[in-house]
Amino acid sequence: MKVGVIQFRPECGAPGRNAGKIIDLLSRERADLFVLPELSLSGYIFESREEAVSLAQTADGTEFDGISSLASERGSTVVLGFAEKCGDKLYNSSILLAPDGSRSIYRKVQLFSDEKRVFDPGDRPPEVVAVSGVRLGMMVCFDWIFPEVARTLALAGADILCHSANLVLPFCQDAMITRCIENRVFALTANRIGTEKRAGQQLTFTGRSQAVSPKGELLVRAGTDSEETLFAEIDPK
Ligand code: ACM
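Treat the numbers as computed from the prediction; the structure is a model and nothing was measured.

**Here we look at the packing of helix α5 (residues 147-155) against helix α6 (residues 172-183)**
Step number 1: Viewed as axis vectors pointing N to C, α5 and α6 meet at an angle of 40 degrees, and their least axial separation amounts to 10 Å. Considering only the axes of α5 and α6, their crossing is right-handed. Residues Pro147, Ala150, Arg151 and Ala154 of α5 touch α6, and the partners they reach there are Arg179, Glu182 and Asn183.
Step number 2: Taken together, the residues of the contact of α5 with α6 break down into three nonpolar, one polar and three charged.

This is the structure in structure tokens:
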């Protein structure tokens, strides 16, 4: 199967424009599976929980309709991170849009630093979603530092870890190689690029999105500051 990892710079506070950009990026070349960064629709730093709620979507929200239709038309599965509102809860989630129009959600368990001011931690264990016989597991960014998240997905039968990220520490890309070796899984890490300066914080995201094989081979890796879509041919069997 052909997999695509999309590295881009989401625009802060502009979910509509980011969704449009994602559709444009997905339209350029076909793949069976695309993974995009964490919080791809909203940007990463929020002034407050209220601001994050105002930029959040529900899992069944119409904001995903365009991406979901394209996924169905093209026979692609698309995984992307977003701020998910659900009742009075707010999660840092990933959504998996399958070609049959179904949607699956993972809610980030291991919140990073100031995210705890804004989001609720995930309320359920990570699960595996089978699409055309390939078992996909979602994890979000800082989940990488806790070996249990990748191991839980591997024990549930995951072939591929779909890892949407907004990485700021230098170690993750190399640690994900270890996660692949110790669990015998593929991992697709889609990171963002750029700097956000808001709410008294400044963060620079490290790019270097990548695809890694179960033997720890680095199949492709992006640069630190360029918008890129990486492709790899893999055999999950
Ligand atoms: C992170 O978890 N976004 C660093």
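**Brief notes about the pairing of strand β13 (residues 218-221)**
Step number 1: As paired strands, strand β12 (residues 210-212) and β13 are joined by three bridges and run antiparallel to one another. For Gln210, the partnering residue across the bridge sits in β13 and is Arg221.
Step number 2: The loop that links β12 with its antiparallel partner β13 comprises five residues; one of these, Gly216, has a positive phi angle of about 80 degrees.

**Let's talk about the packing of aromatic side chains**
Step number 1: Following the criterion strictly, the structure yields six aromatic pairs and no others.
Step number 2: Between Phe34 and Phe231, the ring centres sit 6.2 Å apart and the planes meet at 75 degrees, which makes this aromatic pair edge-to-face. Placement of the pair is Phe34 in strand β2 (residues 33-35) and Phe231 in strand β14 (residues 228-233), with a sequence separation of 197 residues.
Step number 3: For Phe34, a relative accessible area of 2% gives the class buried.
Step number 4: We classify Phe231 as partly exposed; its relative accessible area is 23%.
Step number 5: The interplanar angle of 90 degrees and the centroid separation of 5.6 Å between the aromatic rings of Phe142 and Phe146 together place this pair among those described as edge-to-face.
Step number 6: Among the aromatic residues, those joined into a cluster by ring pairs are Phe112, Phe142 and Phe146.
Step number 7: A cation sits over an aromatic face here: Lys2 above Phe231, 4.6 Å from the ring centre.

**A look at the state of the cysteines**
Step number 1: The tally for this structure, following the rule as stated, stands at zero disulfides.
Step number 2: With no disulfide of its own, Cys162 has Cys180 as its nearest cysteine by sulfur position, at a separation of 11 Å.

**Concerning the pattern of salt bridges**
Pairs can form between side chains of opposite charge whenever their charged atoms are close.
Step number 1: Applying the stated criterion across every chain yields a total of 19 salt bridges.
Step number 2: Residues Arg28 and Asp24 are paired through a salt bridge, measuring 2.8 Å at the closest nitrogen-oxygen approach.
Step number 3: The class for Asp24 is partly exposed, based on a relative accessible area of 38%.
Step number 4: In this structure, Asp65 and Arg103 form a salt bridge, with 2.8 Å as the shortest nitrogen-oxygen distance. One end of the pair, Asp65, is in helix α3 (residues 65-74); the other, Arg103, is in strand β5 (residues 103-107), and 38 residues separate them in sequence.
Step number 5: Residue Arg103 is classed as partly exposed on the basis of its relative accessible area, which comes to 27%.

Criteria and cut-off values
- Residues numbered from 1 in each chain as written.
- Predicted model: local features only at pLDDT ≥ 70, side-chain atom pairs only at ≥ 80, totals over all residues.
- Heavy atoms only, no water.
- Axes fitted to C-alpha atoms, helices over the stretch in contact; angles between N-to-C directions.
- Helix = DSSP H or I, 4+ residues; strand = E, 2+ residues; numbered from the N terminus.
- Left-handed = near helix turned anticlockwise from the far one by under 90°.
- Contact = heavy atoms within 4.5 Å.
- Nonpolar A, V, L, I, M, F, W, Y, C, P; charged D, E, K, R; others polar.
- Pairing = 2+ DSSP bridges.
- Phe/Tyr/Trp six-rings, centres within 6.5 Å; stacked < 30°, edge-to-face > 60°.
- Buried < 20%, exposed > 50% of the residue type's maximum accessible area, 1.4 Å probe, protein only.
- Lys NZ or Arg CZ within 6 Å of the ring centre and 35° of its normal.
- Disulfide = S-S within 2.5 Å.
- Salt bridge = Lys/Arg side-chain N within 4 Å of Asp/Glu carboxyl O.

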